[in-house]
Structures are given as C-alpha cells and as structure tokens.
2 protein chains.
Amino acid sequence: MATRTDAPTRREQILKEAARLFAERGFHGVGVDEIGAAVGISGPGLYRHFAGKDAMLAELLVGISEQLLTGGRRRAAETAGAPEATLDSLIEGHIDFALDDRPLITLHDRELDRLRDTDRKRVRQLQRQYVELWVAAVREVYPALAEAEARASVHAVFGLLNSTPHLPRPGTLPDRDATAHLLHRLSRGALAAAAGAGGPSPSGA
Amino acid sequence: MATRTDAPTRREQILKEAARLFAERGFHGVGVDEIGAAVGISGPGLYRHFAGKDAMLAELLVGISEQLLTGGRRRAAETAGAPEATLDSLIEGHIDFALDDRPLITLHDRELDRLRDTDRKRVRQLQRQYVELWVAAVREVYPALAEAEARASVHAVFGLLNSTPHLPRPGTLPDRDATAHLLHRLSRGALAAAAGAGGPSPSGA
DNA sequence: CAGGGCGGTTAGCGGTCGTTAACCTGAGGA
DNA sequence: TCCTCAGGTTAACGACCGCTAACCGCCCTG
C-alpha cells in the first residue's frame, strides 16, 4: 500500500478537488473558477499546472484506469494458481477503490465521452483489459459460464460495486468494514448465481 | 401494459430525444438547438412546448420516478402474500425498465442534482418510497437481514441492474430474454448471499 | 546582491448557450 | 371570408465560460 506521508502537491490537490466537483455536478457543470476556488487559488491560476480543463479530466480518467488495471494485475499475479483467491482479491481491490475514491469511481463511467479521441481510446483500452482480467478470473472459478455471460456478469458486478457513491447516508450502515464485507458477499453471490443455472428459464416466475 | 397505438405527441417526441441526448452527453453538454434538431424543429421552437430546458429534465425525472414507483406498487399488490413472487416481480419490472428505457435509467441517477429544489425533493421522495418497497420485499423473503443491510443491498442491486446501459455491445449477448434472465439470476444471487452470512468475516480472503 | 522563473494575480476576449421578441403561416370555426 | 391561434421561424440579447495576456512578488541560486 505504501501510505503517503509527504504533503500533497498542488497538482494533486487540484486533481482531487476537480474529481470531487466533476462527480458532483458533471464536467460541463463545473467552471474553472470553482475548481480554483476549491484549492484556494482563483480561475486562470490553474493553467500554471494544467493545459486546460480537458487535461484535468483526461489525467483523472487515465489515472483511474491505469491504477485499476495495475492493481488488478498485481493481485492476479500474487494469487496465481488459486482462482478463488484471485477473484476474492480482485473484488477486494475494487471495493477498496470504490469506498476510498468515490468521486473517481463516479467519473470513471460517466464522463468518458468528454475526452479527446486519443485519450478516450486509451482509457477504453485500459478498461477493456481490466474487464478481461476479471472475466478470466471468473471463468476459472466457474468454467461452465460462457464468455459472453461472464462478461455481462462482470459489468453487472461493477455496477453493483460502483453503487457505493449513492448509498443511503454514509454512516447509516455500521462502518467501512461491514460495507466492504457486504459488497463482497453480494458480488460473490451474484457471480455464483450467474454460473448456477445457465439454461433458459431461471427458477421461479 | 396497454401498448400505445396512436402516434406520439410532439411533446413526447421531444422528451424522448432529450432523454437520449441528456444520457449521452449530460444535461449541460446538450444545447437546446440539438434537441430541437433531433425532432426536426430548431432551437427556440421548443419553448412552445416547454418552459425551458430545466422543465424537460424535470418532467423526465419525475416521470421516471413515478412510473417506477407505480409499477412497483402494482406488482407488490398483485403478488401480496407471496414474498418470493413479489421480489421476483419487482426485479422483473426493474429489468424491463432498464432494458427498454436505457436513457431514462441513466438519467435517473445521474442528473438529479440539476433540478430545482422543489422538483429534486419530489423525485427523491419517490425514489425513497420505491427503495422502501424493495426493502420490505427483500426483508420478507430474508427476515434475518437487518434493515440497514437490506437497504444497502437494494441500492447495490439497483446498481447492478442499471449497469445495462454500458454493457459490452448490445448484441454480443444472445438476446433480450437471455440478458433479462441473467440479470434476474444475478440479483437473486446477490440478495441471497447478503442474507446468507450476516456475521463478520465472509468466507475466504 | 542580482536575477530568473515559479506560481500567482486581474482584465478582457471570443464563443456559446438559454431565453425572449417579433414575425409568419396554415388550418379550423363562426 | 375572416379571425384566431397553435406551432413554427430568425434575430438578437445578456450571461457565462474557457482561455490568454500582461503583470507581479517571492524564493532560490550563482
């Protein structure tokens, strides 16, 4: 984990506040003056650190995607040969991210289309690789699951995990650990059920 | 169901196109000229039908929330006394909505903060009632599940079901029915797992 | 102690956006 | 036949937004 001890750089402050504001009000809904104000400088001062508003979003989205993929690959490597452990570790990693960086997780699947072509392609490629990492892990645990269904299930689990930003009230549910455990259980349960009955009619109804 | 046969009103055309555009590029990312162009009229012509851009979003969001809640209540009433059937019916209804009205489901949890106070409160109240309907149904099937956990699980399942807009490619997965069945299985599996082990440590990790 | 550049400031420009004003047209009813 | 009015049109206004220009003070280094 290597928890940082040194003070955050001005660039990092800006990125953090920009992420929060973009997540709250949307990319187009936030002005550069507001971002500046959030870090104590005003408006055009941001251009000493970034080429423009687009560049902030691009750096955020590319950063998120790279971080997710890198972390996922590390976890997959650490647990190689133990499919159950790999899947659990991937889930755990994604949960940590969703709980600790809510604004980023929100941006990640919401503002992708606001990027320049080149950046958008890069982010999409990283996202695709991350999905494939999950699909492989899921299919090792549940070999009966067809690839298309595995991929759809993985997307669905992402949706489940990324729902944390609009949980009732942060604090209603006991604490962070309990939420993490619950999300973990929900994810495993969903995937197990996906693999359970592949055939046409599910069970009831 | 009462499938409509008469031609859609101009207002309805506008709302439909506005929903699609808002979902694609965000509320602030779409101009009134584009919405007008999408229905063959241009720009200010929209003001013959709506008080403003905000009014379109408001009508969309209130409409969605009312439709979800009304449909949910009807389904709950139809299956009263049979908790499993109620839960299945709620899931089925939400899936139908997510698959048939993707833009609306996207808007529903994304652009809420762009509403005027009065409209936002109304939408939130409708959403809250819809959640409570689900929570009640879930807890009847899984009485062991604490309320806070049930509520969080319901939000998570919403996230799962609402993930359909960014499924890989519509068409990769066999067809609509197969997707619906998969989503149903995933949801039931997740909820069952939530109720399964309430205690601290989940299983592996 | 001089000087340079990093990281700010304010003023302002150009473009876009939501909205209004003023005008027009074609169909329906008295 | 004429009036009305629903439902369009184009022009234009005011506000806002992203970004650049021009300027400035402070710290660090030679």
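Please read these numbers as outputs of a predicted model, since none were measured by experiment. (Residues numbered from 1 in each chain as written. Chains lettered and ligands numbered in written order. Predicted model: local features only at pLDDT ≥ 70, side-chain atom pairs only at ≥ 80, totals over all residues. Heavy atoms only, no water.)

Residues and elements named next belong to chain A. Within the element layout of this structure, A23 appears in helix α1 (residues 10–25). Separated by 87 residues in sequence, A23 and R110 have C-alpha atoms that sit 8.5 Å apart. With residues near it in sequence (within four places) discarded, A23 still touches P103, T106, L107 and R110. (Helix = DSSP H or I, 4+ residues; strand = E, 2+ residues; numbered from the N terminus. Contact = heavy atoms within 4.5 Å.)

Moving on, we come to the side chain of B:R151. Looking at the element boundaries, B:R151 is found in helix α7 (residues 147–161). If we skip the residues at most four places from it in the chain, B:R151 touches A:P168, B:V131, B:E132 and B:V135.

Let us look at the pattern of salt bridges. As enumerated under the stated definition, the model contains 39 salt bridges over all chains in all. Of the charged contacts in the structure, one is a salt bridge between A:D117 and A:R120, with a shortest N-O distance of 2.7 Å. Pair noted here: A:D117 and A:R120 are both in helix α6 (residues 117–141), with a separation of three residues, about one helical turn. A relative accessible area of 19% means that A:R120 is categorised as buried. Note that B:R20 is salt-bridged to B:E17, the shortest N-O span being 2.7 Å. Here B:R20 and its partner B:E17 are both found in helix α1 (residues 10–25), three residues apart, which amounts to about one turn of the helix. Judged by its relative accessible area of 17%, B:E17 is buried. (Salt bridge = Lys/Arg side-chain N within 4 Å of Asp/Glu carboxyl O. Buried < 20%, exposed > 50% of the residue type's maximum accessible area, 1.4 Å probe, protein only.)

Its 15 residues give α7(B) an end-to-end C-alpha distance of 21 Å, which sits within 8% of 21 Å, the value for a rise of 1.5 Å per residue. Taking burial as the measure, the 15 residues of α7(B) include 13 buried ones, the bulk of the element. (Expected span 1.5 Å × (residues − 1).)

With that settled, consider the protein's contact with DNA strand D. In the region of DNA strand D, 15 residues are neighbours, and A:Y47, A:K53, B:R10, B:R48 and B:H49 sit closest. Sugar plus phosphate, as a fraction of atoms of DNA strand D within 4 Å of the protein: 53%. The backbone of A:V30 places a nitrogen or oxygen atom 3.1 Å from a phosphate oxygen of DNA strand D. Separating a phosphate oxygen of DNA strand D from a side-chain N or O atom of B:H49 is a distance of 2.8 Å. Residues that form the surface near DNA strand D fall into these classes: six nonpolar, five polar and four charged. (Near = heavy atom within 4 Å. Polar contact = N/O pair within 3.5 Å; in protein donor to acceptor, adjacent residues only side chain to side chain. Nonpolar A, V, L, I, M, F, W, Y, C, P; charged D, E, K, R; others polar.)

Around DNA strand C lies a shell of 15 residues, among which A:R10, A:R48, A:H49, B:Y47 and B:K53 are the nearest. Of everything in DNA strand C that lies within 4 Å of the protein, sugar and phosphate atoms constitute 52%. Within the contact set of DNA strand C, a phosphate oxygen lies 3.2 Å away from a backbone nitrogen or oxygen of B:V30. Broken down by class, the residue content of the surface near DNA strand C amounts to six nonpolar, five polar and four charged.

This part covers the packing of aromatic side chains. All chains considered together, the criterion is met by eight aromatic pairs over all chains. A centroid spacing of 5.0 Å and a plane angle of 65° characterise the contact between A:F22 and A:F27, whose relative ring orientation is edge-to-face. A centroid spacing of 5.0 Å and a plane angle of 80° characterise the contact between A:W134 and A:F158, whose relative ring orientation is edge-to-face. Note that A:W134 is positioned in helix α6 and A:F158 in helix α7 (residues 147–161), a separation of 24 residues in sequence. Each residue in the set A:Y130, A:W134 and A:F158 is aromatic and connected to the rest through ring pairs, giving one cluster. Looking at B:K53, its charged tip hangs above the ring of B:F27, at a distance of 4.4 Å from the centre. (Phe/Tyr/Trp six-rings, centres within 6.5 Å; stacked < 30°, edge-to-face > 60°. Lys NZ or Arg CZ within 6 Å of the ring centre and 35° of its normal.)

Interpretation of the predicted coordinates at a detailed level should be avoided for regions scoring low in pLDDT. Per-residue confidence for chain A averages 91 on the pLDDT scale, and 90% of its residues sit at or above 70. Counting contacts from residues 199–205 of chain A, a segment whose pLDDT is below 50, to residues more than four positions away or on other chains yields seven contacts. (pLDDT = per-residue confidence, 0-100.)

This part is about the layout of surface pockets. Here the largest pocket is characterised by a volume of approximately 1500 Å³. What lines the largest pocket is a set of 45 residues, among which A:D109, A:R124, B:P165, B:H166 and B:L167 lie closest to the centre. Elements with a contribution of two residues or more to the lining of the largest pocket: α3 (53–78), α5 (102–108), α6 and α7 of chain A together with α1 and α5 (102–108) of chain B. Of the residues forming the lining of the largest pocket, the biggest block, seven residues, is contributed by α6(A). When grouped by side-chain class, the residues that make up the lining of the largest pocket number 15 nonpolar, 15 polar and 15 charged. (1 Å grid on protein atoms, 1.4 Å probe; cavity = no way out; pocket = protein on both sides within 12 Å on 5 of 7 lines; lining within 4 Å. Points joined across faces, edges and corners; volume = space filled by probe spheres on them.)

What follows is about the side chain of A:T79. Residues and elements named next belong to chain A. With respect to the secondary-structure elements, T79 resides in the loop between α3 and α4 (83–100). Under the relative-accessibility criterion, T79 is labelled buried at 15%. A polar contact is formed between the side chain of T79 and the side chain of T86, at a distance of 2.6 Å. Residues contacting T79, with those up to four places away along its chain left out, are A85, T86 and S89.

Our focus in this paragraph is the nonpolar core. Among the nonpolar cores identified, the biggest contains 125 residues, and A:F22, A:I35, A:W134, B:F22, B:I35 and B:W134 are the most heavily contacted of them. Those residues in contact with A:I35 that lie beyond four places of it in its chain are A:I14, A:A18, A:L21, A:F22, A:V30, A:L46 and A:M56. (Core = buried A, V, L, I, M, F, W, Y, C linked by side-chain atoms within 4.5 Å.)

Attention shifts here to the UniProt feature "DNA-binding region" (unreviewed entry) in chain A. According to UniProt, the "DNA-binding region" (unreviewed entry) feature falls on residues 31–50 of chain A. End C-alpha to end C-alpha, residues 31–50 of chain A measures 14 Å, and it is 35% helix and 0% strand. (UniProt positions renumbered as here; feature names shortened; annotations may be inferred.)

Attention now goes to empty space enclosed by the protein. Summed over the entire model, instances satisfying the criterion amount to two cavities of 30 Å³ or more. Roughly 100 Å³ of internal volume is contained in the largest cavity. Lining the largest cavity we find 16 residues, and of these A:G26, A:F27, A:E111, B:G26 and B:E111 sit closest to its centre. Here the residues of the lining of the largest cavity are counted per class, giving two nonpolar, six polar and eight charged. Of the voids in this model, the second largest cavity is the one considered here, and its volume is about 40 Å³.

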